Amino acid sequence: LVRNKSVKLLADNSMQATIKNTRTGALAASNRNSYRDKPLEESRKTLHEAIASSYTSAELLTFKFSGLNSPDSSVVYEYEYKVPNYLGDAAGFKIMKLPWTDDLQANSGFAPDKRTYDLIYVNLANFVKEEITVELPPGYDLIEYDKKTEYASSAATYSMELSYRNGIIYGTRTIEYLKWDI
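The structure displayed is predicted, hence computed values, not measured ones.

Every second residue of strand 7 (residues 127-135) is oriented toward a common face, the buried set being Val 128, Glu 130, Ile 132 and Val 134 and the non-buried set Phe 127, Lys 129, Glu 131, Thr 133 and Glu 135. Bridge analysis of strand 1 (residues 2-9) against strand 7 gives seven bridges, and the strand direction is parallel. Paired with Ser 6 across the two strands is Thr 133, which belongs to strand 7. Here strand 7 runs beside strand 10 (residues 168-177); their pairing, made up of nine bridges, is antiparallel. Note on strand 10: the bridge partner recorded for Phe 127 is Glu 176.

Further remarks concern the sheet that holds strand 2 (residues 15-24). Read from one edge to the other, the open sheet built from eight strands follows the order 3-4-2-1-7-10-9-8, with strand pairing classed as mixed. One side of each edge strand has no neighbouring strand; the edge strands of this open sheet are strand 3 (59-66) and strand 8 (148-152). Direction aside, neighbouring strands of the sheet carry axes that sit 10° apart on average. Taken strand by strand, helix 1 (residues 25-35) contacts strand 2, strand 3 and strand 4 (74-83), and its axis lies near 105° from that of strand 2. Helix-sheet contacts for helix 2 (residues 40-52) involve strand 3 and strand 4, and the interaxial angle to strand 3 is about 125°.

What counts, and where the lines are drawn
Residues numbered from 1 in each chain as written. Predicted model: local features only at pLDDT ≥ 70, side-chain atom pairs only at ≥ 80, totals over all residues. Heavy atoms only, no water. Buried < 20%, exposed > 50% of the residue type's maximum accessible area, 1.4 Å probe, protein only. Helix = DSSP H or I, 4+ residues; strand = E, 2+ residues; numbered from the N terminus. Pairing = 2+ DSSP bridges. Axes fitted to C-alpha atoms, helices over the stretch in contact; angles between N-to-C directions. Contact = heavy atoms within 4.5 Å.

So this is what it looks like as structure tokens:
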């Protein structure tokens, strides 16, 4: 799964995002199975609900699929949405959380103590990469950010890299699942 996300932060504190998701292999097959025969408006509603779970006031502006009826190896879906009042204000600063597509959340299936049983983690994507660009409003500058974060275990590797040039934040985030039995 490869995601490309372009975000523009606007002077009115809103955010406008354009996303292109490319799915191959089992993920593409799953999308074909789930969406090929579904009316586009129903798919649009499902996507809007997913976006609204992170941004309750989000407005889905555009949405399209390609590759659902094709024997090609990939399915691509692209969409654009806008979120009002995305930037927060604190002591004269604008505050934001990077709008990655999937939030990093704790999995309730993992026990805090030593387990005495295997956990089988099933995910159709063994590799996920997301690239993001975030354009700041004119006159704004980035003050503080983590440039690189990496985690590794016998089950997976995770990395996130950020850079900042000419009013634009560039980010890449990857996760690779190394095994299914943890």
